[in-house]
Amino acid sequence: MLPFDSFDAYLFNASRALCSPLAVFIQIQGCFICLILALGWALAAYVRGREIRRMKSSMKSGNSFAFLTLDINELEHSNQVNLPRVSIVMPLKGFGEHNLHNWRSQITSLYGGPLEFLFVVENTADPAYHAVKRLLADFKDAVDAKVIVAGLSTTCSQKIHNQLVGVDQMHKDTKYVLFLDDDVRLHPGSIGALTTEMEKNPDIFIQTGYPLDLPSGTLGSYCIYEYHMPCSMGFATGGKTFFLWGGCMMMHANDFRTDRHGVVSGLRDGGYSDDMTLAAIAGAHKRLITSPPVAVFPHPLATDLTFPRYWNYLRKQTFVLESYTTKVNWIMNRALFTTHCYLSWGFVAPYVMAGIHMAAALRYYFKGYSLEVTVLTCSGGLLLAGCLAICTVIELLSMWNLTRIEVHLCNTLSPEAPQLSLASYNWCLVFIAMLVDNFLYPLSAMRSHLSQSINWSGIRYHLRDGKICKIDRHKHLVPKITDLAGKDLLGKQGSTPKVAIISSLSRTLAQWRQPKKYDI
């Protein structure tokens, strides 16, 4: 047997110290966090899976269009002509590798009622302006769509400004307005499903959905996937929820025309985050937010999504907790801030402790002691590390199962689209991303709290009392590409994207056929 050196003694003492009551509590708490996440994802998987079973049952009964509606009678012409008008408002910024596919999935919806699509850009120099103009030219008069130049925001975020300008120009007969991010890939029946729920229950204030991230293979993309997954269980309720995602929000158009509950003024006067502001308004006035079980949308992440771009995205996500509308909203944000930070590091700390336990045991074994003596000496630490390993496996299996079911659901809802697959997911990277993301979240949240300013797509917003008080625009602030989608923000001033690129992408996506009205 080899003698112990000072490092060995330090390691063994550290392992023994981590068997103290407080350290044991922290490690057991980590196991409980894993199991709670696993349970939440299991419940979410049940809700999503139940919808798949309903669609399969409807198909067996002869409904070939179950991906549009479970009641085939709703596709009768007499029902379609009475569907309400919906205006889709899409604030755009930049042009990336997935934008064309996303826009095409939005404007080729199989919703049978009247639709109008309002693409809103800041100015004509935005690369998105010419790209979407070219796409709409391919559809000519088959789609009611237009591009709106909103100009610069002065009192709120540019995204909110674009949304409100789009609302101002929507059709006078519009009953529902649907806000979509340009990275949302809709299913053919998504607009119809959202509208049906709004018609069934007029008390619904906002309907929302949630993205299914498709990692591109980089650690940054897996960190974003892992960041979104805990939130996904709050959207997989099959009905009422307290969560709201700004990438998909359907609301009553009259709420904006009349500024009901201050939805317009609340957004316009210092609003930074559209979903956080509207969620706060819904909570203050006890209004209903729902998320249909079919409202899950594929969200492919950029193939070159680097770790620094993930960090920038995380900074923007934590910064929203610094914006608020009322004192109650401020208290809730502070509670969420504290809880999330505590749970994040409470999740990471047990793995650090388990690593020390394992290192001490291995060091002890390699010093020449038998396996039995090593296990006996380090039994407490190894027992805790073993429990954590088992809970981690359960958690990863639950995450895998929910992702598998959501992939299956997306494939069922979009039978004509390229089929998604779990084969590209690297679950070792998922585990690493869990540790990295939860370690960095409190650091990002603290930095956001101390800075009270953020650079969002080249615009720096400053907050005071939860509202935007100052907006800086300088060329040196503008990044070349955005964080998630890798969208080009600069382009060439006044230039038009090459037609060959657009045409090539259009041919690649030929399966997204152009539907005629009532083409069922």
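Note that the structure is a prediction, hence the values are computed from the model and not measured. (Residues numbered from 1 in each chain as written. Predicted model: local features only at pLDDT ≥ 70, side-chain atom pairs only at ≥ 80, totals over all residues. Heavy atoms only, no water.)

Chemist: A description of the overall build of the chain should follow, citing residues and the corresponding values.
Modeler: The number of helices and strands found in the chain is 17 helices and 12 strands. In the chain, 81% of the contacts between residues at least 6 apart in sequence involve partners at least 24 apart. Put simply, the chain shows about 22900 Å² of open surface, and 62% of that area lies on carbon and sulfur atoms. (Helix = DSSP H or I, 4+ residues; strand = E, 2+ residues; numbered from the N terminus. Contact = heavy atoms within 4.5 Å. Areas by Shrake-Rupley, 256 points an atom, 1.4 Å probe, with all protein chains shown as cover.)

Chemist: If you had to explain the sheet that holds strand 12 (residues 467–473) to someone new, which residues and values would you point to?
Modeler: The sheet built from three strands is open, its strands ordered 10-11-12 with antiparallel pairing. This sheet does not close on itself; its edge strands, each paired only once, are strand 10 (453–456) and strand 12. Put simply, the sheet's adjacent strands are angled 25° from each other on average, direction ignored. Pairing between strand 10 and strand 11 (residues 459–464): four bridges, direction antiparallel. (Pairing = 2+ DSSP bridges. Axes fitted to C-alpha atoms, helices over the stretch in contact; angles between N-to-C directions.)

Chemist: Lay out unusual backbone geometry in plain terms, naming residues and giving numbers.
Modeler: You will see that S457, though not glycine, has its phi angle at about 50°, which is positive. Inspection of the secondary structure assignment puts S457 in the loop between strand 10 and strand 11. Looking at S457, the relative accessible area reads 16%, which means it is buried. The phi angle at D465 is positive, at roughly 55°, despite the residue not being glycine. (Buried < 20%, exposed > 50% of the residue type's maximum accessible area, 1.4 Å probe, protein only.)

Chemist: How would you sum up a nonpolar patch on the surface? Please name residues and give values.
Modeler: On the surface, I28, F32, L35, I36, I390 and I394 cluster together into a nonpolar patch covering about 560 Å² of accessible area. Sort the elements by how many residues they give to the nonpolar patch and helix 2 (residues 21–60) lands first, with four residues. Mapped onto the elements, I36 comes out in helix 2. Look at I36 and you get exposed, because its relative accessible area is 58%. (Patch = residues over 30% accessible without salt bridge, like charges linked within 9 Å, V, L, I, M, F, W, Y side chains within 5 Å. Salt bridge = Lys/Arg side-chain N within 4 Å of Asp/Glu carboxyl O.)

Chemist: Go over the layout of surface pockets with me, naming the residues and quoting the values.
Modeler: Its boundaries defined by the atoms lining it, the second largest pocket holds a volume of some 840 Å³. Residue lining of the second largest pocket: 42 residues in total, with L68, E74, G192, A193 and T196 positioned closest to the centre. If you list the elements that add at least two residues to the lining of the second largest pocket, you get helix 2, helix 3 (77–80), helix 7 (190–200) and strand 5 (204–208). Here the lining of the second largest pocket takes eight residues from helix 7, the largest share from any one element. (1 Å grid on protein atoms, 1.4 Å probe; cavity = no way out; pocket = protein on both sides within 12 Å on 5 of 7 lines; lining within 4 Å. Points joined across faces, edges and corners; volume = space filled by probe spheres on them.)

Chemist: I'd like to hear about the side chain of S190, residue by residue, with values.
Modeler: Relative to the elements of secondary structure, S190 occurs in helix 7. One polar contact links the side chain of S190 to the main-chain amide nitrogen of H187, over a distance of 3.0 Å. (Polar contact = N/O pair within 3.5 Å; in protein donor to acceptor, adjacent residues only side chain to side chain.)

Chemist: Summarise the packing of aromatic side chains; cite the residues concerned and give the values.
Modeler: This model, assessed by the stated rule, comprises 20 aromatic pairs. Between F95 and W103, the aromatic rings sit 5.7 Å apart at their centres with planes inclined by 40°, giving tilted as the arrangement. There is no split in this pair, since F95 and W103 are both buried. Three or more aromatic residues joined by ring pairs form one cluster here, namely Y210, F235, F243 and W245. One Lys or Arg, K327, reaches over the ring of W330 and ends 4.4 Å from the middle of that ring. Here the basic side chain of R334 rests over the ring of F337, its NZ or CZ set 4.9 Å away from the ring centre. (Phe/Tyr/Trp six-rings, centres within 6.5 Å; stacked < 30°, edge-to-face > 60°. Lys NZ or Arg CZ within 6 Å of the ring centre and 35° of its normal.)

Chemist: I'd like to hear about the packing of helix 8 (residues 219–235) against helix 12 (residues 307–319), residue by residue, with values.
Modeler: At their nearest, the axes of helix 8 and helix 12 sit 7 Å apart, and the two run at 25° to each other. With respect to helix 12, the element helix 8 is oriented roughly parallel. Judged by the twist between their axes, the crossing of helix 8 over helix 12 is right-handed. Here L219, G220, C223, I224, Y227 and H228 of helix 8 lie close against helix 12, whose contacting residues are F307, Y310, Y313, L314 and Q317. (Parallel < 35°, antiparallel > 145°, perpendicular 65-115°, else oblique. Left-handed = near helix turned anticlockwise from the far one by under 90°.)

Chemist: Tell me about the nonpolar core, residues and numbers included.
Modeler: In terms of nonpolar packing, the biggest core is built from 54 residues, with L212, Y310, F347, M399, Y425, V430 and Y441 touching the most fellow members. Listing elements by their share of this core, those giving two or more residues are helix 2, strand 6 (210–214), helix 8, helix 12, helix 13 (327–366), helix 15 (379–413) and helix 16 (427–451). Of all the elements, helix 15 adds the most residues to this core, at 11 residues. Beyond its immediate chain neighbours, meaning those up to four positions away, L212 contacts V296, F297, P298, H299, T403, E406, V407, C410 and Y425. Core analysis: the second largest hydrophobic core is formed by 38 residues, I88, W103, L135 and V184 among them. (Core = buried A, V, L, I, M, F, W, Y, C linked by side-chain atoms within 4.5 Å.)

Chemist: I'd love a proper account of the sheet that holds strand 7 (residues 248–252), names of residues and values included.
Modeler: With mixed pairing, the seven strands of this open sheet are ordered in space as 3-2-1-4-7-5-8. Bordering the open sheet on either side are strand 3 (145–149) and strand 8 (288–290), each of which pairs with just one other strand. Direction aside, the axes of adjacent strands within the sheet are offset by 20° on average.

Chemist: Describe in detail the environment of M434, supporting the description with residues and values.
Modeler: Considering the arrangement of structural elements, one finds M434 in helix 16. Relative accessible area serves as the criterion here: at 0%, M434 is assigned to the buried category. Between the C-alpha atoms of M434 and C223, which are 211 residues apart in sequence, the distance is 6.8 Å. Apart from residues lying up to four places away in sequence, M434 is in contact with E226, F347, E395, L396 and M399.

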